[in-house]
Amino acid sequence: MITGQMFRDGIISGANNISNSRQAVDALNIFPVPDGDTGTNMSMTISAASKEVSSLADDEPLSEVSKRCASALLRGARGNSGVILSLIFRGFSKAFKDIDEASSQDIAKAFRLGCESAYKAVMKPTEGTILTVVRMAAEAAEESAKTEEDPLEVCFAALQAAKQALATTPELLPVLKKAGVVDAGGQGFILILEGFQSVFENGAVVQGVDEGVKPVETPDKTIVGSASSDIEFGYCSEFLIEKAEDAKEKDPLKLRAYLESIGDCVVVVDDDSIIKVHVHSNCPGTVIQSALKYGQLINIKIDNMRYQHRNAEVGVKEGSTPVEPTVMEPENDYGFVAVCAGKGVEDLFVDLGCDSIVSGGQTMNPSTDDILNAIMQTPAKTVFVLPNNKNIIMAAEQAIPLANDREVRVLQTKTIPQGISAMLAFDDSLSADDNQMTMMEMADAVETGLVTFAARDSEIDGKPISQGQIMGMTNGKIKFIGDDKEDIAFKTVDKLFKRNTHSMVTLIYGEDVSEEDAAKVEEKLSEKYKNDIEISVINGAQPVYYYIISVE
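Conventions and cut-offs
- Residues numbered from 1 in each chain as written.
- Predicted model: local features only at pLDDT ≥ 70, side-chain atom pairs only at ≥ 80, totals over all residues.
- Heavy atoms only, no water.
- Helix = DSSP H or I, 4+ residues; strand = E, 2+ residues; numbered from the N terminus.
- Buried < 20%, exposed > 50% of the residue type's maximum accessible area, 1.4 Å probe, protein only.
- Contact = heavy atoms within 4.5 Å.
- Areas by Shrake-Rupley, 256 points an atom, 1.4 Å probe, with all protein chains shown as cover.
- Phe/Tyr/Trp six-rings, centres within 6.5 Å; stacked < 30°, edge-to-face > 60°.
- Lys NZ or Arg CZ within 6 Å of the ring centre and 35° of its normal.
- Core = buried A, V, L, I, M, F, W, Y, C linked by side-chain atoms within 4.5 Å.
- Salt bridge = Lys/Arg side-chain N within 4 Å of Asp/Glu carboxyl O.
- Pairing = 2+ DSSP bridges.
- Axes fitted to C-alpha atoms, helices over the stretch in contact; angles between N-to-C directions.
- Polar contact = N/O pair within 3.5 Å; in protein donor to acceptor, adjacent residues only side chain to side chain.
- Parallel < 35°, antiparallel > 145°, perpendicular 65-115°, else oblique.
- Left-handed = near helix turned anticlockwise from the far one by under 90°.
- Nonpolar A, V, L, I, M, F, W, Y, C, P; charged D, E, K, R; others polar.

> Please give an account of the overall build of the protein chain that cites residues and values.
When its secondary structure is counted, the protein chain shows 20 helices and 19 strands. Across the 552 residues that make up the protein chain, the buried fraction comes to 55%. For the protein chain, long-range pairs separated by at least 24 residues make up 73% of all intrachain contacts whose partners lie at least 6 apart in sequence. In the form shown here, the protein chain has an accessible surface area of approximately 24,700 Å², with 48% of it arising from carbon and sulfur atoms.

Shown next, in the form of structure tokens:
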């Protein structure tokens, strides 16, 4: 029988196992745009559950352990892969309700309910993904349970089927086959299952590789920049660099020197294969770009310290027990929560009427709990949430049933321009249903362009893309590759803008773009389109994207 203790240890083991390999899972992502990678999101999601259940007693019933696990996963879910993972374990929790130990039939039911829960959450399920892996695992578990009384054997059958399913994902998704990789979400799920199997088969919890790492202060090559009591630099960036073979001879001291020129509180620690980096700066995108020259980045964490400082001013003090987030009484009819990054972009959404801002975006997918806290801090009976990123929509939707005293409506805005247009379309004289329809109609009518850098070597439509190159994207598709961000920005607008259809272009320039450079793009567009175009230029100060472009 599978006991609560075994399930608890399996969660901890699975969390450690994917954490140990999350950079390898991240590397399976084939799209070169910097993002909240699958391995990182799944690892952070299940680590929330590991932390929650680690203090439970050995004699805790399976029903309670799985319930606590599912709740923590739901609130900690990050990105689409994290949400799907949380839904799988929600199905497990339903199967284990009111039981102390699980039989083979219970295990089969758990996989089936987990599979159904995951499929129901996706509007258009795509085979060749984690969904295929969990479905085939469920089918194998059900088949095994027909003749097998040992639940451990049923778990083993599910794991083997999951591995076979993962191997088929390139055949189901041509883009995976072309890149020569398997699905990242499926691989992450198998790593978690393997962590469980280690406990079930050998009684051994997989240990986290970071547990034996020495503190940063002990190596000889530690350089610490001076700290400042003022928040001159707003973003704290921490990560590891897994040294690339062709970069092992590069001197990390040069990286440290560069980081000191753009920030403070710099820590650079290196050994034969890893460089540990910590820096406070106003341009995390530049930090990431400079670090990518040395190898692949793992364990990335970027915090907005000014935002944290504002929280501290209302009662959250460092070193103290965190207080429950403020809950505002739902007094107003309508309120708004927007997910975005960059001081200028945040201010823009506030000016448009947003009550609460969740700091996050492409490389910083907020958790369901982050979004829920913002919802509860919004004093409205109906709260509209604008995720402004396709990888955040599912996490936002998971917050809907958790906000018991107010109605939550998640608008499926996938870009910042869509979010801005949605806010401009709001009419407080309309009903919530009419507003939701109108706001999404306006959001869907916007053309979005993005200019960013390639986070990894890749190939799109037969064209090679080298890490660090500038990319211009139109409505999510990479159209231009080059080395001049202003030239790419102009080409991106030029591709989107159609005379007699569009009249307005908004250029939101990021933290790594000067006002003068943005003005050059504006001037070049004005020269070409003359009186046919109205251009607005906004200092968004956003990370990752040099330009966010709206064409209407």
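> Lay out the packing of aromatic side chains with the relevant residues and their values.
Under the defined criterion, the tally for this structure stands at 14 aromatic pairs. Put simply, the rings of Phe7, Phe89, Phe92, Phe96, Phe111, Phe196 and Phe200 pair up and form one aromatic cluster. Geometry around Tyr546 places Lys485 over its ring, the cationic atom sitting 5.8 Å from the centre. Over the ring of Phe490 we find Lys524; its NZ or CZ atom is 4.5 Å from the centre of that ring.

> Please give an account of the nonpolar core that cites residues and values.
Counting 85 residues, the largest nonpolar core has Phe7, Phe89, Phe96, Phe111, Phe189, Ile375 and Val385 as the members making the most contacts within it. In contact with Phe96, other than residues within four places in its own chain, are Phe7, Leu62, Ser63, Ser66, Ala102, Asp106, Ile107 and Ala110. With 44 residues, the next largest nonpolar core counts Tyr235, Phe239, Leu292 and Phe497 among its residues.

> Lay out the environment of Gly482 in plain terms, naming residues and giving numbers.
Mapped onto the fold, Gly482 is located in strand S16 (residues 477-482). Measuring from C-alpha to C-alpha, the distance between Gly482 and Gly472 comes to 8.5 Å, with 10 residues separating the pair along the chain. Filtering out sequence-adjacent residues up to four positions away, Gly482 remains in contact with Gln469, Ile470 and Ile488.

> I'd love a proper account of unusual backbone geometry, names of residues and values included.
The backbone of Asn475 shows a phi angle near 50 degrees, a positive value even though the residue is not glycine. Turning to its location among the elements, Asn475 is positioned in the loop between strand S15 (470-474) and S16. Of note, Lys530 is a non-glycine position whose phi angle comes to about 45 degrees, a positive value. Structurally, Lys530 is set in the loop between helix H20 (515-529) and strand S18 (534-539). Here Lys530 falls in the exposed class, since its relative accessible area comes to 58%.

> Please give an account of the pattern of salt bridges that cites residues and values.
Taken as a whole and judged by the stated rule, the model has 22 salt bridges. The closest approach of N and O atoms between Glu139 and Arg135, which form a salt bridge, is 3.2 Å. Of this pair, Glu139 and Arg135 both sit in helix H7 (residues 130-145), four residues apart, which is roughly one turn of that helix. Residue Glu139 is classed as partly exposed on the basis of its relative accessible area, which comes to 38%. Residue class for Arg135 comes out partly exposed when judged on its relative accessible area of 24%.

> Talk me through the pairing of strand S19 (residues 547-551); I want residue IDs and the actual numbers.
Along S19, five of the five residues are buried, which leaves the element largely enclosed by surrounding structure. Side-chain alternation along S19 places Tyr547, Ile549 and Val551 on one buried face and Ile548 and Ser550 on a second face that is also buried. Relative to S19, strand S12 (residues 447-453) is paired through five bridges, and the arrangement is antiparallel. From the neighbouring strand, Glu447 faces S19, where its bridge partner is Val551. Summarising the sheet, strand S17 (residues 504-509) and S19 pair through five bridges and their orientation is antiparallel. Note that in S19 the partner of Thr506 across the bridge is Ser550.

> Describe the sheet that holds strand S11 (residues 407-410), with residues and values.
Strand order in the open sheet formed by four strands is S9-S8-S10-S11, with parallel pairing between adjacent strands. Both outer strands of the open sheet, strand S9 (356-359) and S11, are each paired with one neighbouring strand and no more. For this sheet, the mean angle separating the axes of adjacent strands, direction not counted, is 20 degrees. Inspection of the sheet shows strand S8 (residues 332-340) paired to S9 by four bridges, in the parallel sense. Bridge pairing in S9 links Val339 to Val358.

> Pulling in residues and values, what's your account of the side chain of Ser104?
Take Ser104: it is sitting in helix H6 (residues 104-121). Since its relative accessible area comes to 6%, Ser104 is described here as buried. Within polar-contact distance, the side chain of Ser104 engages the backbone oxygen of Glu148 at 3.0 Å.

> Hey, could you go over the side chain of Ser144 for me, with residue numbers and the actual values?
Along the polypeptide, Ser144 turns up in helix H7. Once residues within four sequence positions are removed from consideration, Ser144 is found in contact with Glu153, Val154 and Ala157.

> Just give me the short version of the pairing of strand S4 (residues 235-243), but keep the residues and values in it.
Counting buried positions along S4 gives eight out of nine residues, so the element sits mostly inside the fold. Direction of pairing for S4 relative to strand S6 (residues 274-281): antiparallel, over a ladder of eight bridges. By the bridge assignment, Phe239 is partnered in S6 with Val277. Examined bridge by bridge, S4 and strand S7 (residues 295-304) share eight bridges and lie antiparallel to one another. Bridge pairing in S7 places Ser237 opposite Ile302.

> Residue-level account of the packing of helix H1 (residues 4-20) against helix H10 (residues 184-202), with values.
Helix-helix packing: each pair is described by the crossing angle between the helix axes and the interaxial distance. As a packed pair, H1 and H10 sit with axes 7 Å apart at the nearest point and diverge in direction by 135 degrees. In this view, H1 runs oblique relative to H10, as classed from their interaxial angle. In the packing of H1 onto H10, the handedness of the crossing is right-handed. On H10, the residues that touch Met6, Phe7, Asp9, Gly10, Ile11, Ser13, Gly14, Asn17 and Ile18 of H1 are Gly188, Leu191, Ile192, Glu194, Gly195, Phe196, Ser198, Val199 and Phe200. When grouped by side-chain class, the residues that make up the contact of H1 with H10 number nine nonpolar, seven polar and two charged.

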